[in-house]
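Chain residues, written in single-letter form:
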Amino acid sequence: MRRSGGGSNLRATHFIRLNREGASLNSLSASSHKPLFPRGPGLGLKTLALLMVCGGLMAAELDGERIKSPREWLAVALRPVVWMAELPDQVGLAFEHLDSRQRLLNENIALKNRQLTLEAQLQRYAALDAENRRIRELLDASARLTDQVAVADIVAANQDPYRQQITLNKGERDGVYRGQAIIDASGVLGQVVEVLPGTSIGLLLTDPDHGIPVEINRNGLQAIALGQGSGQRLRLSFLPANAEIMKGDLVVSSSLGGRFPAGFPVGRVESVEHTPGGHFKEALVTPAARVGQGRQALLVWSERPAIDALQASEAAAAEAQQIKPAASAVAAKPAAKPAVAAKPATPAQPTQAPPSTQPPAAKPAPASPPPPAEKPATPASATPAPAAPEPAAPARPAPTAPGP
Amino acid sequence: MSRTPFRRFWLSLLVALFLQLVALPDAVAAARPLWIPLILVYWALAEPRVPALISAFLLGIALDVLYNTVLGQHAMGFVLLVFFMARLRAVFVLFPLWQSTIALIPAWAAYCLLMTMVDDISRHRADVWLRWLPALSTTLFWPLVYTVLEGATRRHSQE
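Residues numbered from 1 in each chain as written. Chains lettered and ligands numbered in written order. Predicted model: local features only at pLDDT ≥ 70, side-chain atom pairs only at ≥ 80, totals over all residues. Heavy atoms only, no water.

The name an unreviewed UniProt entry gives chain B is Rod shape-determining protein MreD, with Panacagrimonas perspica as the organism. Its UniProt record gives chain B a comment under Sequence similarities (unreviewed entry), which states: "Belongs to the MreD family." (UniProt positions renumbered as here; feature names shortened; annotations may be inferred.)

The name given to chain A in an unreviewed UniProt entry is Cell shape-determining protein MreC, with the source organism recorded as Panacagrimonas perspica. Quoted verbatim from the Sequence similarities (unreviewed entry) field of UniProt, the annotation for chain A is "Belongs to the MreC family."

This is the structure:
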């Protein structure tokens, strides 16, 4: 009732204004274009201004990099709202905590058994690891078997059904960086796309925006696995028509592109399609990681991406013969500590190694990106003396290594 | 004339933001009603004195940050929606509830279309057919939201 009163009011004002302007309508003066309801800037003007702001923001973001710092402030400011929205979920979890004792006991036993089995496997693995490292040292290759990892809690999931994103409770303060790989117990989960001071946002493997370089474990065939949305499989498209790939093949991450550590399982080939006459094959892969289940994820500090290694090798070339900057630049990323620890290791090397052996070791450094990464590792593990800094560099599997 | 219901306005928007963010099971997540547009459209149609336009913009930016979409995507949708509804207020006051429910379907559909288009421009692929589900669920929720908010307003004005 009140609203219809308001409507007739508006109409009345309208008529009054029209009558008042009746005289000026004949002469068509500029005042005939005045807005009917002159209270502050008109609705259209305000809308136009706001739309221009929106358009400017979108153009800026679509064009290049995301507008980072305002996003961070807003994300921090909106934390209470997110927390409130998660309350129902938390309540559900709280009920889960009040579970029966028997179930917990059973689970405990199961976990203990599992740990025992895994430990047994690990014993064999340690020997294999050592052997592998020795052989790799002979090859002067840079790949390592173990990487530094940290457990992060998944504190929120994006509620937009078309975006597979998770929020982790580790951020810039914990040394998380953009592009870092996220894994779970059974495979690659995704990568970090945005780092905030205390949290970070990860893009899942299955997001339509995500692609990951992979290789078929059986024969080393390289491909790219593209996400297709929630609950869907990954797609390997544009495989050569004669590519050897079949159902059940294990697909593992590849270090091509320098983003993901190599060798983590991504999934298994579910089906291979080849339209007769088509130039390409296409395969669907079921993700190995339990996407959308579980509350924890592992962040992997692998070696720095290839681009940085390249920069480091350039720096090494510039500082002719001096390996130190390259070593510290390569070791800089994982944390502040390894960088400090790496320094004492390198000066120790020239004093022990005769000068005649150094040039051949230093030469390949500017030529190819990966070798400089290994440079500090090779002398450090080859000589037993600088064993002290070893624990500070957790990426190295040296503690289990016997002497050469 | 009654006091401008600022308090109820902000409270309802906060509730809408909450409903937009609360976790839903995967099966129905794609059909989540457009809660914030629902509430904004109600206020744009029912109450000319509340700052619906500027709050549409602010909520849009907030949702962009929370959903990690391109900054300005939701803000643009909300602002356009509020603008057109405020313009059509004189038409909608004449409609009974069932008529306004039907008359609003194009508005929800246009909003979904706009979001799809912006996602397309930002090269974010998504299943196109599922994107129309919110238009349906929002239409179903409109009578409920309208009745609840209108009831709150009437009770308030009687006091």
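**Q** Explanation requested: the packing of helix 5 (residues 79–97) of chain A against helix 1 (residues 6–21) of chain B in the structure shown.
**A** A pair of packed helices can be characterised by two numbers: the angle between their axes and the separation between those axes. Between helix 5 of chain A and helix 1 of chain B, whose axes approach to 9 Å, the crossing angle comes to 60°. Here helix 5 of chain A lies oblique to helix 1 of chain B, going by the angle between them. Crossing geometry of helix 5 of chain A relative to helix 1 of chain B is assigned as right-handed. Counting all contacts with helix 5 of chain A, which are made through V81(A), M84(A), A85(A) and P88(A), the residues of helix 1 of chain B involved are L17(B), F18(B) and L21(B). Residue classes in the contact of helix 5 of chain A with helix 1 of chain B are distributed as seven nonpolar, no polar and no charged. (Axes fitted to C-alpha atoms, helices over the stretch in contact; angles between N-to-C directions. Helix = DSSP H or I, 4+ residues; strand = E, 2+ residues; numbered from the N terminus. Parallel < 35°, antiparallel > 145°, perpendicular 65-115°, else oblique. Left-handed = near helix turned anticlockwise from the far one by under 90°. Contact = heavy atoms within 4.5 Å. Nonpolar A, V, L, I, M, F, W, Y, C, P; charged D, E, K, R; others polar.)

**Q** Whenever I open this one, the sheet that holds strand 3 (residues 181–184) of chain A confuses me. Can you help?
**A** Hydrogen bonds between backbone groups are what pair the strands of a sheet, and the pairing can be parallel or antiparallel. All names here are of chain A. Taken in spatial order, the six strands close into a barrel running 1-2-5-4-3-12, and their pairing is antiparallel. Averaged over all neighbouring strand pairs, the angle between strand axes comes to 45°, with direction disregarded. One ladder, built from four bridges, connects strand 2 (residues 165–168) with strand 5 (residues 200–204); its direction is antiparallel. Looking at strand 5, one finds that I166 is bridged to G202. (Pairing = 2+ DSSP bridges.)

**Q** Hey, could you run me through helix 5 (residues 73–87) of chain B in this one?
**A** Since the α-helix turns once every 3.6 residues, residues separated by three or four places project in the same direction. The end-to-end C-alpha distance of helix 5 of chain B, which contains 15 residues, comes to 22 Å, matching closely the 21 Å that a straight helix rising 1.5 Å per residue would cover. The buried fraction of helix 5 of chain B is high, at twelve of 15 residues. Elements in contact with the buried residues of helix 5 of chain B: helix 3 (43–63) of chain A together with helix 3 (35–46), helix 4 (52–67), helix 6 (89–92) and helix 8 (105–121) of chain B. (Expected span 1.5 Å × (residues − 1). Buried < 20%, exposed > 50% of the residue type's maximum accessible area, 1.4 Å probe, protein only.)

**Q** Teacher, can you tell me more about the sheet that holds strand 11 (residues 280–287) of chain A here?
**A** All names here are of chain A. Here six strands make up a closed barrel; going around it, the order is 6-7-8-11-10-9 and the pairing antiparallel. Taken over all neighbouring pairs, the strand axes of this sheet differ in orientation by 40° on average, direction set aside. When strand 10 (residues 265–273) meets strand 11, the two strands line up antiparallel, connected through six bridges. Residue pairing across strands places V269 opposite V285, the latter belonging to strand 11.

**Q** Help me understand the side chain of D184(A), please; the structure alone is not making it clear to me.
**A** All names here are of chain A. When you line up the elements, D184 lands in strand 3. For D184, which is buried and forms no salt bridge, the nearest opposite charge comes from R290, at a distance of 4.5 Å. Of note is the side chain of D184, whose polar atom sits 2.9 Å from the backbone nitrogen of S186. (Lys, Arg positive; Asp, Glu negative; His and termini not counted. Salt bridge = Lys/Arg side-chain N within 4 Å of Asp/Glu carboxyl O. Polar contact = N/O pair within 3.5 Å; in protein donor to acceptor, adjacent residues only side chain to side chain.)

**Q** Looking at this structure, how should I read the environment of E86(A)?
**A** All names here are of chain A. Along the chain, E86 turns up in helix 5. Among the residues examined, E86 registers a relative accessible area of 16% and is labelled buried. Separated by 70 residues in the primary sequence, E86 and A156 have C-alpha atoms spaced 7.9 Å apart. For E86, the contacting residues outside a window of four places in its chain are V155 and A156.

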